[in-house]
Amino acid sequence: MPLTAMICALALGMPSAQEGGTKPPPMKNYENKVLDLKFQHPAEWRVRKERLYDTFEFRIEGTLVRVQLLVTQMSASKEHWQKVNLDINSQNGRQVLRQWEEELLNVPLLMTKVREGEPGNVTISLSGLLLSVRQDKLLFRLYAPENVAEQAEAAWFKVLLSADSLSGKLPSETPATAEDPKTKPNDNPPPVVVMRPEANRPGKIERGPIRVQVDANAGLFAYLPTGWEAKDGRLHHATGLSVSLGVTTGEEALGRREYLRLGGTMLKELATVGQREELEPKANRAGSKVTRLTRNGTNADGKAVNQWIAFGFEGGYSWVIGWSGTSEEFAKQKAALTDLADRLSVIAQ
């Protein structure tokens with residue numbers, strides 16, 4: 001169903017902005033060059049550019065509504081994407097209300113609507129993936145209290161209806177090296193992202209006993225081994241050990257990009273590099289697929305430095321942790337670092 005039809009359905013019974021002579025609200029432009037998209041939104045909406053996504057905040061009947069707009073890469077079939085969303089939400093105890101497909105800018109918009117929370121504090125979340133033929137695709141997530149969810153969806157869909165490309169080419173127009181999702185055969189789908197490692201999977205998932213919130217906007221929590229805590233965007237151990245922490249939502253490739261970025265940043269601290277070891281991905285005790293990298297070298301002052309980086313992915317959520325120090329410090333802290341990588345998980349519950 002085209003998005004226009006859905007907006008009309010949601011808007012039935014809602015008062016018109018022009019009833020009683022009320023003028024339409026002033027609008028602002030939003031542009032995303034990576035996605036080659038632009039649209040208009042009410043000027044009163046608050047827009048923030050954050051590290052992993054852009055956030056739109058607005059109020060319905062005085063109640064705050066939040067929309068996260070991300071850039072993601074997805075090469076799997078539509079069916080696989082919807083199944084992954086269904087599995088992730090079901091496994092995390094959320095009620096999947098509906099999955100369906102709309103059409104925006106001549107390409108599919110894959111929708112999933114979810115209900116979660118306790119009576120009196122229920123949130124409705126709505127996600128949508130715009131299935132452009134391009135590598136980078138728009139993914140939005142709308143979060144609204146249940147009592148204003150329909151009005152919030154209608155407001156957001158009206159904004160999407162103003163969407164257009166910056167280049168003048170629709171998302172359905174196929175570059176010379178890309179495939180059109182409308183003509184892509186379903187009997188031979190491309191390789192898909194493995195959401196959880198099939199090999200070396202632990203017989204029983206054992207999450208760390210310490211639960212801490214690591215991203216309030218996205219509702220993400222980390223499960224840590226005993227002795228660890230989260231503070232000021234880092235993880236701290238009772239012994240004084242401290243590691244950096246980054247979290248990412250979306251496909252594994254997005255999290256791995258942050259892993260490579262951190263590795264590149266830390267590499268700049270070394271003037272020379274000695275040994276380097278990167279372990280093959282393997283499931284940790286918490287069910288995350290984990291890759292670990294260790295290397296040593298010297299800094300600009302000629303002092304010996306050891307670096308340790310770990311990356312984990314599970315069900316659409318990634319984490320990256322990093323540490324550096326002297327060889328003596330590494331020998332003392334290696335056991336705690338290894339235990340952290342073996343027990344850490346980040347999920348939305």
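To be clear, the structure that these remarks concern was listed above.
As the structure is a computational prediction, the values presented were derived from the model and not from experiment. (Residues numbered from 1 in each chain as written. Predicted model: local features only at pLDDT ≥ 70, side-chain atom pairs only at ≥ 80, totals over all residues. Heavy atoms only, no water.)

This part is about helix H5 (residues 327–343). Over its 17 residues, H5 extends 24 Å from the first C-alpha to the last, a length consistent with the 24 Å expected when each residue adds 1.5 Å. Within H5, the axis deviates most sharply at Gln333, by approximately 55 degrees. Of the positions making up H5, those classed as buried are Phe330, Gln333, Ala336, Leu337, Leu340, Ala341 and Arg343. (Helix = DSSP H or I, 4+ residues; strand = E, 2+ residues; numbered from the N terminus. Expected span 1.5 Å × (residues − 1). Bend = angle between axes of the 7 residues up to and from the residue. Buried < 20%, exposed > 50% of the residue type's maximum accessible area, 1.4 Å probe, protein only.)

By the definition in use, this model includes ten aromatic pairs. Look at Trp45 and Trp156: their rings are 6.4 Å apart centre to centre, the planes differ by 20 degrees, and that puts the pair in the stacked class. Within this pair, whereas Trp45 is found in the loop between strand S2 (37–42) and strand S3 (46–49), its partner Trp156 is found in helix H3 (residues 149–161), the two being separated by 111 residues in sequence. In terms of burial, Trp45 and Trp156 fall into one category: buried. The interplanar angle of 25 degrees and the centroid separation of 5.5 Å between the aromatic rings of Tyr259 and Phe311 together place this pair among those described as stacked. Of this pair, Tyr259 sits in helix H4 (residues 252–267) while Phe311 sits in strand S19 (residues 304–314), and the two are 52 residues apart along the sequence. The pair formed by Tyr259 and Phe311 is uniform in burial state, with each residue classed as buried. (Phe/Tyr/Trp six-rings, centres within 6.5 Å; stacked < 30°, edge-to-face > 60°.)

Relative to strand S18 (residues 289–298), strand S16 (residues 272–278) runs antiparallel, the two being bridged by five bridges. Opposite Val273, over in S18, you have Gly297 as the bridge partner. The antiparallel pairing of strand S17 (residues 282–283) with S18 creates a hairpin that spans five residues between the two strands, and Gly287 there sits at a positive phi of about 95 degrees. The turn joining S18 and S19, which pair antiparallel and follow one another in sequence, is formed by five residues; a positive phi near 85 degrees is taken by Gly302. (Pairing = 2+ DSSP bridges.)

So, about the nonpolar core. In terms of nonpolar packing, the biggest core is built from 32 residues, with Phe39, Phe56, Val65, Leu69, Phe140, Leu142 and Trp156 touching the most fellow members. Listed by contribution, the elements that provide at least two residues to this core are S2, strand S4 (54–60), strand S5 (63–73), strand S6 (95–104), strand S7 (107–118), strand S8 (121–130), strand S9 (136–145) and H3. Counting residues per element, this core draws most heavily on H3, at six residues. If we skip the residues at most four places from it in the chain, Val65 touches Phe56, Glu57, Phe58, Ile60, Leu142, Tyr143, Ala144, Val148 and Ala152. In this structure, Val212, Leu235, Ala310 and Ala348 belong to the second largest nonpolar core, which totals 27 residues. (Core = buried A, V, L, I, M, F, W, Y, C linked by side-chain atoms within 4.5 Å. Contact = heavy atoms within 4.5 Å.)

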